[in-house]
Amino acid sequence: LHSFPTRRSSDLAKRRHEYQGQYQFGKKSGVGKHWYGDGGYYHGMWMNDKAHGMGTYTYPSGDKFSGNWVEGQRHGMGAYVVPSQKYQLVGEWENGQHKRGQWLMDDGTVYEGTFNEQGPVDAGTFSFPNGGCERGSFAQEPDMEDEEKTNCVWTSSDQSIAAAPAADMSRALPAGKSAPPKVPM
């Protein structure tokens, strides 16, 4: 009787830069999966040792980006899911940053607009599960207590009111909701 070692999921985080997949000219090219020493891993298309084409990167935190990659950066259409905060950023990415699209919250609230490395910026629209919407803009202002931080501040420009109690409509940027944090590279 022989016993064979089995790999448990906790063992995956212990891998050090292991790659399984296709090579061309000694470089990762084609379909492959790379496990990183920090516990993150990428599964998808490769070209010249960089994520390139459709693929999914799962971060050590459990966050996940699925979409298009160009030379190792998120670029094109994609979705970044943050299970711990229960939201998603969906839309267009450029050079690793979410630029245009939607911020989907777990309660059904959707923000649509533009983004930069700090979060939502400029004109956009919140749509609420009750059918209401609110247009306005985000400005990024320095944090008075921490010079290294910025706060995203929402200013409403108008409201389209749905048939709902006033309490439901007071959710312009719902209490307790804050702008999405920076997305790791």
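Keep in mind it's a predicted model, so treat the numbers as computed, not measured.

Conventions and cut-offs
Residues numbered from 1 in each chain as written. Predicted model: local features only at pLDDT ≥ 70, side-chain atom pairs only at ≥ 80, totals over all residues. Heavy atoms only, no water. Core = buried A, V, L, I, M, F, W, Y, C linked by side-chain atoms within 4.5 Å. Buried < 20%, exposed > 50% of the residue type's maximum accessible area, 1.4 Å probe, protein only. Helix = DSSP H or I, 4+ residues; strand = E, 2+ residues; numbered from the N terminus. Salt bridge = Lys/Arg side-chain N within 4 Å of Asp/Glu carboxyl O. Polar contact = N/O pair within 3.5 Å; in protein donor to acceptor, adjacent residues only side chain to side chain.

1. A look at the nonpolar core
Then, in step 1: Grouped together as the largest cluster of nonpolar side chains are 22 residues, with contacts concentrated most on Y80, L89, W103, Y111, F126 and F138.
Then, in step 2: Those elements giving two or more residues to this core turn out to be β3 (41-47), β4 (50-58), β5 (64-70), β6 (73-82), β7 (87-94), β8 (97-105), β9 (110-116) and β12 (150-160).
Then, in step 3: If one sorts the elements of this core by residue count, β7 sits on top with 3 residues.

2. Focus on unusual backbone geometry
Then, in step 1: In this structure, F25 takes a positive phi of about 55 degrees despite not being glycine.
Then, in step 2: Locating F25 in the fold gives a position in the loop between β1 (18-24) and β2 (27-35).
Then, in step 3: Of note in the backbone geometry, D49 takes a positive phi value of approximately 70 degrees without being a glycine.
Then, in step 4: Mapped onto the elements of the fold, D49 is located in the loop between β3 and β4.

3. A few points about the pattern of salt bridges
Then, in step 1: Counted under the stated rule, the structure contains 2 salt bridges.
Then, in step 2: Measuring nitrogen to oxygen at the nearest pair gives 3.3 Å for the salt bridge that ties E92 to R100.
Then, in step 3: Taking the shortest distance from any N to any O, the salt bridge between E94 and R100 comes out at 2.5 Å.
Then, in step 4: Under the relative-accessibility criterion, E94 is labelled partly exposed at 30%.
Then, in step 5: Accessibility expressed as a relative area gives 32% for R100, which makes it partly exposed.
Then, in step 6: Where salt bridges share partners, they join E92, E94 and R100 into one cluster.

4. Quick notes on the side chain of E134
Then, in step 1: By secondary structure assignment, the location of E134 is in strand β11 (residues 133-142).
Then, in step 2: Of the residues examined, E134 reaches a relative accessible area of 3% and is grouped as buried.
Then, in step 3: A polar side-chain atom of E134 sits 2.5 Å from a polar atom in the side chain of S156.

5. Here's the deal with the side chain of T109
Then, in step 1: In this fold, T109 is placed in the loop between β8 and β9.
Then, in step 2: Side chain to side chain, T109 and D107 meet in a polar contact 2.9 Å long.

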